[in-house]
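The chain contents come next:
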Amino acid sequence: MNKGVADLLRGRYPDAVRSIQLSEWTTWQVGGPAIAIVVSSRGMLSDLLGILRQEGLSWFLLGRGSNILASDNGCSEIIIRLAGDLASVRWEHSGSGWRLSCGGGTRFPSLSGVACSKGASGLAFAIGIPGTVGGAIFMNAGAYGSSISDMLTEVDVVDSEGNERVIRNTECGFSYRSSRFQREALIVTGAKFLLKEADPAELRSEARRILQLRRDKFPLEYPNAGSVFRRPFEGPPPGKLIEDSGLKGRAVGGAMVSEKHANFIVNNGHASSSDILNLMNVVREEVLRKSGILLKEEIRYLG
Ligand SMILES: Cc1cc2nc3c(=O)[nH]c(=O)nc-3n(C[C@H](O)[C@H](O)[C@H](O)COP(=O)(O)OP(=O)(O)OC[C@H]3O[C@@H](n4cnc5c(N)ncnc54)[C@H](O)[C@@H]3O)c2cc1C
């Protein structure tokens, strides 16, 4: 990036601009250098988007980087992360349930934990999904038969021109791990949910049960990015296809197909982004050769 622009951004937002390694901002823990800005209000976001547009700079909205493969060379996009007002949470008791409003940068598992403790049902499934609410809406994240689209009522967005809009659930184009946000440059700044009242003790116990299931099933002891490949429309899930292709334990450099869950690629401590990418290609080719099914990735690329 042009040094003048970096200086301009630092001059305008002295406490918010960071020189980062993407390996520290993604759960796979790979990726090179980038400039990031931690944005704490809608006003600051509109102002920033205006400057980036004027300077002809592109941007990338990064949540917790839990579904991202970031390049070893880093990226030229300015990384935007939401915090402050854009990660705040408001609860309102209403009739037989709760109205929940939160910022797009809110941590999804923490929100799930608080919801269970309050007796607000519907978010227990999210207890082990290590992203933000914005990232979860973008991905239509889900687990154990529920997804974020089930109890979401509306989404606040800002477009690349800095205009704010409210999008109702039915206009979000949700389907399996997909939403309109994957096709349009919209930043999710906030979300509203309607949650039914339930017994907090039961919800907490459900959340504990889900966490235990996930610990038993997933290789959480290594850096990873969750499921690498999407579930095909029909046929066996990717984990089964990969396992049946004899790929459990297959490694490229420091990247390895998990022995515990074959749709997870783990970083053994010294993986590069290229190791992961090359291993994904090996898996895709081998599964296609053995089963005739072409796997499509669920993870997103940066840089
Ligand atoms: C151990 C582990 C377990 C996981 N389990 C699950 C699971 O059970 N179910 C599941 O669905 N996923 C799972 N995931 C994947 C991942 O956690 C989810 O997809 C999550 O919703 C991504 O959120 P994030 O904030 O990390 O987004 P990121 O990974 O940072 O970004 C993902 C995409 O969302 C976009 N994005 C992020 N925030 C916003 C925003 N505010 N506005 C617009 N776009 C935005 C980014 O630009 C990017 O394109 C798992 C991941 C890990 C590491």
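Calculation notes
- Residues numbered from 1 in each chain as written.
- Predicted model: local features only at pLDDT ≥ 70, side-chain atom pairs only at ≥ 80, totals over all residues.
- Heavy atoms only, no water.
- Phe/Tyr/Trp six-rings, centres within 6.5 Å; stacked < 30°, edge-to-face > 60°.
- Helix = DSSP H or I, 4+ residues; strand = E, 2+ residues; numbered from the N terminus.
- Buried < 20%, exposed > 50% of the residue type's maximum accessible area, 1.4 Å probe, protein only.
- Arc of directions from axis to C-beta.
- Contact = heavy atoms within 4.5 Å.
- Core = buried A, V, L, I, M, F, W, Y, C linked by side-chain atoms within 4.5 Å.
- Pairing = 2+ DSSP bridges.
- Axes fitted to C-alpha atoms, helices over the stretch in contact; angles between N-to-C directions.

*Asks:* What is the right way to look at the packing of aromatic side chains in this model?
*Replies:* When we look at a pair of aromatic rings, we describe it by the centre distance and by the angle of the planes. Considering all chains together, one arrives at three aromatic pairs under this definition. On the numbers, 5.8 Å between centres and 85° between planes, the contact of Trp-91 with Trp-98 is edge-to-face. Here Phe-108 and Phe-125 contribute two aromatic rings whose centre-to-centre distance is 5.9 Å and whose plane-to-plane angle is 80°, an arrangement assigned as edge-to-face. Of this pair, Phe-108 sits in helix H3 (residues 108-118) while Phe-125 sits in the loop between H3 and helix H4 (133-139); the two residues are 17 residues apart in sequence, bridging distant segments of the chain. Grouping residues by exposure puts Phe-108 and Phe-125 together as buried.

*Asks:* Help me understand helix H1 (residues 3-12) in this model?
*Replies:* A turn of α-helix holds 3.6 residues, and therefore any two residues three or four places apart point the same way. Every buried residue of H1 is listed here: Val-5, Ala-6 and Leu-9. One face of H1 carries all of its buried residues, which in axial projection span an arc of 100°. More than 90 degrees from the buried face of H1, the exposed residues found are Lys-3 and Gly-11. Each element contacted by the buried residues of H1 is listed here: strand E1 (17-21), strand E2 (33-39), helix H2 (42-54) and strand E5 (78-82).

*Asks:* Is there a simple way to explain the nonpolar core in this structure?
*Replies:* It is characteristic of soluble globular proteins that their nonpolar side chains tend to be buried jointly. Judged by nonpolar contacts, the single largest core of 31 residues is most densely connected at Phe-108, Leu-123, Val-133, Ile-137, Phe-181, Phe-193 and Leu-195. Among the secondary structure elements, those contributing two or more residues to this core are strand E7 (97-103), H3, H4, strand E10 (152-159) and strand E12 (186-196). Here the element with the most residues in this core is E12; it accounts for five residues. Setting aside residues up to four positions removed in sequence, Phe-193 forms contacts with Trp-98, Arg-99, Leu-100, Cys-102, Val-133, Ile-148, Met-151, Leu-152 and Thr-153.

*Asks:* What's the story with the sheet that holds strand E11 (residues 164-168) in this structure? I'm lost.
*Replies:* Consider a sheet: its strands pair through backbone hydrogen bonds, and that pairing is either parallel or antiparallel. Reading across from one edge, E6-E7-E12-E10-E11 is the order of the five strands in this open sheet, with antiparallel pairing throughout. Only two strands of the sheet have a single partner each, and these edge strands are strand E6 (89-94) and E11. Recorded for the sheet is a direction-independent mean angle of 15° between the axes of neighbouring strands. By the bridge criterion, seven bridges tie E7 to E12 in an arrangement that is antiparallel. Bridge assignment links Cys-102 to a residue of E12, and that residue is Ala-191. Contacting E10, E11 and E12, H2 crosses the sheet at an angle of about 155° to E12. Lying on the sheet, H3 is in contact with E6 and E7; it crosses E6 at an angle near 25°.

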